[in-house]
Amino acid sequence: MNIYAPEKIGLIMISGRRAKTLRKMTMISIIGNKFFCLRPGTSPKKGLSFFEVMVTISVLSLGLVMIFRAFLISLDTIGHLTYRWHAMMLLENKISEIQQRFQTTGEIPMDLTDQPEKRIVNHREIHFGYKTEIRDFINLGNIFQLTLTIFWRERNRDINISQSAYIIRYAQ
């Protein structure tokens, strides 16, 4: 069984300034269909230079550093949004609990927001504290504006969220 792998070596005359200069032509294989010529006195490159390797490594490392930085920023953002979601749920629950107590007793319970709450979020214990402000509308009777603020500490910074609601005691 014969395998057809042509190799062509020939001599070509080049005209011009360097008349009668010989040039070597080589055909690699029919599979890759590569055909190249070598200039006289030169040899084909057999590897990469040190400079090319260093430039390649620096470009790749810069890309990896940027990808890693974006990954860390996204993790921090996801963590912050998780804390914020828990805080919003606590705020809504506290406001509804204050509204229910006001409906049953007729007094606004200020003791519900005295103690900070501990929650475990992302395997960390977070202390959520409250601040309550009540505004009475004198002309409107039993209508009050309740502003509830929840605050917590996250990565050496203080974060707070406020939510306002109107609470009313229905006449029975």
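Structure: above.
Residues numbered from 1 in each chain as written. Predicted model: local features only at pLDDT ≥ 70, side-chain atom pairs only at ≥ 80, totals over all residues. Heavy atoms only, no water.

A. Layout of the nonpolar core. If you look at the biggest cluster of nonpolar residues, it comprises 21 residues, and the most contacted ones within it are A87, I126, F128, I150, W152 and I161. Elements with a minimum of two residues in this core: helix 1 (50-105), strand 5 (124-136), strand 6 (143-154) and strand 7 (157-168). With seven residues, the top contributor of residues to this core is helix 1. In contact with A87, not counting residues within four places along its chain, are F128, I150, W152 and I161. (Core = buried A, V, L, I, M, F, W, Y, C linked by side-chain atoms within 4.5 Å. Buried < 20%, exposed > 50% of the residue type's maximum accessible area, 1.4 Å probe, protein only. Helix = DSSP H or I, 4+ residues; strand = E, 2+ residues; numbered from the N terminus. Contact = heavy atoms within 4.5 Å.)

B. Region of interest: helix 1. With 56 residues, helix 1 ought to run about 82 Å at 1.5 Å a step, and its terminal C-alpha atoms sit 82 Å apart, in line with that. Within helix 1, the full set of buried residues consists of G79, Y83, A87, L90, L91, K94, I95, I98, Q99, F102 and Q103. Summarising the contacts, the buried residues of helix 1 are in contact with strand 4 (117-121), strand 5, strand 6 and strand 7. A positive backbone phi angle near 85° is found at G106, which sits one or two residues after helix 1. (Expected span 1.5 Å × (residues − 1).)

C. Spotlight on the layout of surface pockets. By volume, the largest pocket is sized at about 180 Å³. For the largest pocket, the full set of lining residues is L72, L75, D76, G79, H80, Y83, N122, R124, I126, R153, E154 and R155. If you list the elements that add at least two residues to the lining of the largest pocket, you get helix 1, strand 5 and strand 6. Here the element with the most residues in the lining of the largest pocket is helix 1; it accounts for six residues. Its residues assigned to classes, the lining of the largest pocket comprises four nonpolar, three polar and five charged. (1 Å grid on protein atoms, 1.4 Å probe; cavity = no way out; pocket = protein on both sides within 12 Å on 5 of 7 lines; lining within 4 Å. Points joined across faces, edges and corners; volume = space filled by probe spheres on them. Nonpolar A, V, L, I, M, F, W, Y, C, P; charged D, E, K, R; others polar.)

D. Seen up close, the sheet that holds strand 7. Across the sheet, which stays open at both edges, the four strands sit in the order 4-5-6-7 with antiparallel pairing between neighbours. Either end of the sheet is taken by a strand with one partner, and the two such strands are strand 4 and strand 7. On average, adjacent strands in this sheet sit at an angle of 30° to one another, irrespective of strand direction. Note: strand 6 against strand 7, 12 bridges, orientation antiparallel. In the strand pairing of strand 7, R153 is matched with D158. Here helix 1 sits on the sheet in contact with strand 4, strand 5, strand 6 and strand 7, set at roughly 30° to strand 7. (Pairing = 2+ DSSP bridges. Axes fitted to C-alpha atoms, helices over the stretch in contact; angles between N-to-C directions.)

E. Looking closely at the pairing of strand 4. Summarising the sheet, strand 4 and strand 5 pair through five bridges and their orientation is antiparallel. Bridge pairing in strand 5 links R119 to I126. Where strand 4 folds back on strand 5, the antiparallel hairpin that results is connected by two residues, among which N122 adopts a positive phi of roughly 55°.

F. Geometry of the packing of aromatic side chains. The full count for this structure, using the stated rule, is two aromatic pairs. Between F102 and F144 the ring centres are 5.5 Å apart and the planes differ by 90°, which places this aromatic pair in the edge-to-face class. Taken together, the residues span a long stretch of sequence, with F102 in helix 1 and F144 in strand 6 at a distance of 42 residues. You'll find F102 and F144 in the same group, each marked buried. (Phe/Tyr/Trp six-rings, centres within 6.5 Å; stacked < 30°, edge-to-face > 60°.)

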